[in-house]
Amino acid sequence: MAATLLAETPRTTPDVDTDAAQLVRDIEHYLAARTRTTAHPLVTKTTAELIAEALGTAPAEPVAAPELPGRALRILPDWVLRFPIVRHRHGGARPVTVAEHLELTALVIERYGWAQHTHRTRSGRRCILGAQAVLFRLGIGDQTTVAAAANRLQNVLRARGCTTPYATWNDAPGRTETDVLALIRTASRSAA
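Conventions we followed
Residues numbered from 1 in each chain as written. Predicted model: local features only at pLDDT ≥ 70, side-chain atom pairs only at ≥ 80, totals over all residues. Heavy atoms only, no water. Helix = DSSP H or I, 4+ residues; strand = E, 2+ residues; numbered from the N terminus. Polar contact = N/O pair within 3.5 Å; in protein donor to acceptor, adjacent residues only side chain to side chain. Contact = heavy atoms within 4.5 Å. Core = buried A, V, L, I, M, F, W, Y, C linked by side-chain atoms within 4.5 Å. Buried < 20%, exposed > 50% of the residue type's maximum accessible area, 1.4 Å probe, protein only. Expected span 1.5 Å × (residues − 1).

Break down the side chain of Thr145 for me, with residues and values.
Here Thr145 is to be found in helix H8 (residues 143-159). Polar side-chain contacts of Thr145 include one of 2.8 Å to the side chain of Asp142. Contact partners of Thr145, with chain neighbours within four places excluded, come to Val96, Thr97, Val98 and His101.

Here's what the structure looks like:
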């Protein structure tokens, strides 16, 4: 009898993108931890919410946290990330701040792995530009955000006495993933 019940129970397939699910949880946790700041501690609403309340219009619904592509999409060409069905599933047009873009860039490198001398390896590892491209192609941020993040990265390098573009700096011999993540996080803190 027990064997019959087991045979009739539908089998569920394991989640192929467990690392993508963990990455989504990490992004949601990161974005949830970012609290809104106001000019006074008693003010709990943003300016946009106060204006919407004054005009009698409903504030926009909060945007769900982006989901980064899993293993299958990681190894396909980056242009696949622009497909509407992929963009919709993984965040769509989601505005982020420069600091958030840089933190998410670091998260992509941590999850997918770091690469040198290429934007993306066959296994899906990314350099700094490649990680930024993932976010941009998924609609997480826009060209202005990416350009401002690039300026922040360059400013941090310039403050260290390095005039090399950050993409070239990424590819320098002896460079490590730890160096790259430290640069991105320093730039993120300077943007906040």
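After presenting the structure, the write-up continues.
Tell me about the nonpolar core, and name the residues and values.
Counting 28 residues, the largest nonpolar core has Ile109, Ile128, Leu153, Trp169, Val180, Leu183 and Ile184 as the members making the most contacts within it. At the level of secondary structure, the elements contributing two or more residues to this core comprise helix H6 (98-112), helix H7 (128-137), H8, helix H9 (166-170) and helix H10 (177-191). Here this core takes seven residues from H6, the largest share from any one element. Here Leu153 is in contact with Leu102, Ile128, Gln132, Tyr166, Leu183, Ile184 and Ala187, once residues within four sequence places are set aside.

Please provide a residue-by-residue account of H8, values included.
Its 17 residues place the ends of H8 24 Å apart at the C-alpha level, agreeing with the 24 Å of an ideal helix rising 1.5 Å per residue. Taken residue by residue, H8 has Thr145, Val146, Ala149, Ala150, Leu153, Gln154, Val156 and Leu157 as its buried positions. The distance from a side-chain oxygen at the start of H8 to the backbone nitrogen of Thr144 is 3.2 Å, and the residue carrying that oxygen is Asp142. Backbone geometry just after H8 places Gly161 at a positive phi near 85 degrees.

Tell me about H7, and name the residues and values.
Summarising burial for H7: seven of the ten residues are buried, a large majority. For H7, the complete set of buried residues consists of Ile128, Gly130, Ala131, Gln132, Ala133, Val134 and Leu135. Taken from the residues just after H7, Gly139 is the one with a positive phi, measuring 85 degrees.

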